[in-house]
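# Secondary and tertiary structure notes
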Amino acid sequence: MSTSDLIQRIDAALPQTQCTRCGYDACLPYAQAIALDNESINRCPPGGEAGIALLAQLTGQAIQPLDPECGSPTTPTVAFIDEEHCIGCTLCIQACPVDAIVGANKQMHTVLADRCTGCDLCLAPCPVDCIQMLPIEREWTEELADQARHHFQQRQQRLSLKHAESGSVAARVLANKPKVSAQADSTTHRKATIADVLAKARARRQS
Ligand code: SF4
Ligand code: SF4
Ligand code: SF4
């Protein structure tokens, strides 16, 4: 098998949530690292044990437990935005690797549940903490993985036309968070609103 075939087959065995928990920017770079640099096959929490077994078959590496540094095995979740508290900053849209969030500047945002891979990447950038991950009854099939890869590739193509540095979108979004938070804090009223929203979100989580 050629190296490019191997990369393609490894990539096809990965769940395509594009969550970056493996330590790479997306599923494909992890597949490339496994094929080209003999990277360990136990770095994908969404793939779980079944994924590791599949990668072991493809690469000849021994089966090993999931690397705890990458997190624990995940159950299917979907992002939910509390639209009442969304300030329309667009940071979550910029962070989502598969275009699963719709909304416009200063308007409430909504998650398209059918597209959401449950990657969590929209949580950290949200300045008002109004996104939650909810459990969902869904088996992550090969078809859903193919769909997520397609949405990710479409997004990458679009971004590459806009920004030469599109590879580090997540880092850029997090870097923008303080600026957006500061703008959100710019009036006393907005400050009070955000404090109220944060308190409510934390209370909801604790309960
Ligand atoms: S699903 Fe997440 S952890 Fe697994 S390979 Fe893709 S980006 Fe990495
Ligand atoms: S909506 Fe959030 S959790 Fe869902 S795919 Fe986009 S970034 Fe990931
Ligand atoms: S990051 Fe939070 S506040 Fe900003 S648009 Fe998304 S959900 Fe709304």
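Residues numbered from 1 in each chain as written. Chains lettered and ligands numbered in written order. Predicted model: local features only at pLDDT ≥ 70, side-chain atom pairs only at ≥ 80, totals over all residues.

What surrounds ligand 2 is a group of 14 residues, the closest being Ala79, Cys96, Cys116, Cys119 and Cys122. Grouping the amino acids of the shell around ligand 2 by side-chain chemistry returns 11 nonpolar, 2 polar and 1 charged. (Near = placed C-beta within 6 Å. Nonpolar A, V, L, I, M, F, W, Y, C, P; charged D, E, K, R; others polar.)

All right, on to the confidence of the model for the chain then. Here the chain shows a mean pLDDT of 88. Residues at 70 or above account for 79%. The lowest-confidence element of the chain is helix α6 (residues 169–184), averaging 60 in pLDDT; the highest-confidence one is helix α2 (residues 27–37), averaging 98. (pLDDT = per-residue confidence, 0-100. Helix = DSSP H or I, 4+ residues; strand = E, 2+ residues; numbered from the N terminus.)

A separate point is the environment of alanine 56. Assignment of secondary structure puts alanine 56 in helix α3 (residues 48–59). Residue classification places alanine 56 among the partly exposed positions, given that 15 C-beta atoms sit within 10 Å. As a C-alpha pair, alanine 56 and isoleucine 41 span 15 residues in sequence and 7.0 Å in three-dimensional space. Sequence-distant contacts of alanine 56, that is, excluding residues within four places in its chain, are made with Ile41, Gln61, Ala62 and Ile63. (Buried ≥ 20, exposed ≤ 12 C-beta atoms within 10 Å, placed from the backbone. Contact = placed C-beta atoms within 7 Å.)

Before going further, it helps to examine the packing of helix α1 (residues 3–13) against α2. α2 packs onto α1 with a crossing angle of 130° between their chain directions and a minimal axis gap of 8 Å. One way to sum up the angle between α1 and α2 is to call them oblique. With respect to the hand of their crossing, α1 and α2 are arranged in right-handed fashion. In this structure, α1 uses Thr3, Leu6, Ile7, Ile10 and Asp11 to contact α2, whose residues at the interface are Cys27, Leu28, Ala31, Gln32, Ile34, Ala35 and Leu36. Tallied by class, residues from the contact of α1 with α2 come to 9 nonpolar, 2 polar and 1 charged. (Axes fitted to C-alpha atoms, helices over the stretch in contact; angles between N-to-C directions. Parallel < 35°, antiparallel > 145°, perpendicular 65-115°, else oblique. Left-handed = near helix turned anticlockwise from the far one by under 90°.)

At glutamine 16, a position not held by glycine, the phi torsion is positive, near 65°. Inspection of the secondary structure assignment puts glutamine 16 in the loop between α1 and α2. Given 28 C-beta atoms within a 10 Å radius, glutamine 16 is considered buried.

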